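# Summary of structural features
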Amino acid sequence: MISSAEVADRFGALRERLSRAGGDKVKVVAVTKGFGPDSVAAAIGAGLADVGENYAQELLSKSNSLSAQPGIDLQPRWHFIGRLQRNKIRKIASLVHIWQSVDRPELASEIARRAPSATVLVQVDIAGKDGRGGCPPSEITRLVRHCRDAGLEVAGLMAVGPPGPPELARPGFRLLSTQAADLGLPELSMGMSADIEVAVEEGATMVRVGTALFGARPR
Ligand SMILES: *Cc1c(COP(=O)(O)O)cnc(C)c1O
């Protein structure tokens with residue numbers, strides 16, 4: 001079990017890190033993948049209203065489990081941040097606040113069908129390796145246009161940095177930042193526990209943080 005007090009402590013330390021990097025206004029999405037519903041309750045208790053999940057089934061079961069708790073209303077604003085499967089969109093369409101991992105036209109079309117005018121971020125592959133998701137940088141403009149034509153609200157771009165030392169992420173974060181500015185997109189979701197400083201220095205408006213708030217993920 002993870003307590004609100006523990007998460008609040010770590011959130012305080014995280015805010016200090018963000019602040020030192022110049023990111024006082026950066027939004028924090030608490031990433032609870034791999035942890036139980038208690039982690040979501042603890043996040044909300046610590047003042048983190050935005051929660052990110054990677055798997056549709058996990059998001060659904062945590063949401064259901066929170067709804068089943070008597071008394072207070074415990075739903076966070078859910079951000080979907082993982083590899084999205086087209087056939088899972090319907091199940092979570094009514095729950096998701098921002099779809100952060102839209103990386104191909106078929107996903108955009110299906111989200112538009114199940115959650116008309118939903119807010120999305122276009123995920124870009126800045127690591128140059130497969131497995132972490134994202135469209136190639138050369139496809140951003142086309143995909144943004146496809147999302148808009150489908151009636152979706154494109155708020156910005158999202159990316160996952162490459163594994164390894166945080167500095168390795170800088171060129172990709174910078175590319176993302178330049179692309180977002182060129183397209184007039186306000187939100188930049190980049191930076192995780194290990195590389196939030198580099199992300200903030202390169203203009204992140206939103207960081208997605210798991211281990212720095214909840215500790216190591218259970219296997
Ligand atoms: C797991 C995950 C995070 C959080 O990673 P940490 O290193 O635990 O902070 C952020 N974004 C995405 C897309 C993730 O899959």
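Above this text you will find the structure in question.
Structural notes, computed from the coordinates. (Residues numbered from 1 in each chain as written. Predicted model: local features only at pLDDT ≥ 70, side-chain atom pairs only at ≥ 80, totals over all residues. Heavy atoms only, no water.)

## Here's the deal with the pattern of salt bridges
- Inspection of the entire model under this criterion finds 16 salt bridges.
- The salt bridge partner of R104 is E106, with a shortest N-O separation of 3.6 Å.
- Overall, the relative accessible area of 29% leaves R104 in the partly exposed class.
- For E106, a relative accessible area of 40% puts it in the partly exposed group.
- R170 is the partner of E201 in a salt bridge, and the nearest nitrogen-oxygen pair spans 2.8 Å. Of this pair, E201 sits in helix 8 (residues 196-201) while R170 is found in helix 7 (residues 170-183), placing the two residues 31 residues apart along the sequence.
- We classify R170 as buried; its relative accessible area is 18%.
- Each of E167, R170, R174, E201 and E202 takes part in salt bridges that share partners, so that together they form one network. (Salt bridge = Lys/Arg side-chain N within 4 Å of Asp/Glu carboxyl O. Buried < 20%, exposed > 50% of the residue type's maximum accessible area, 1.4 Å probe, protein only. Helix = DSSP H or I, 4+ residues; strand = E, 2+ residues; numbered from the N terminus.)

## As for helix 2 (residues 37-45)
- Within helix 2, burial applies to S39, V40, A42 and A43. Seen along its axis, helix 2 keeps its buried residues to an arc of 160°; they face one direction.
- Among the structural elements, helix 1 (4-20), strand 1 (27-31), strand 2 (50-53), helix 3 (56-67), strand 3 (77-80) and helix 9 (211-214) are those in contact with the buried residues of helix 2. (Arc of directions from axis to C-beta. Contact = heavy atoms within 4.5 Å.)

## Describing the state of the cysteines
- Tallied over the full model, the rule gives 0 disulfides.
- C135 takes part in no disulfide bond, and the closest cysteine sulfur, belonging to C147, lies 9.2 Å away. (Disulfide = S-S within 2.5 Å.)

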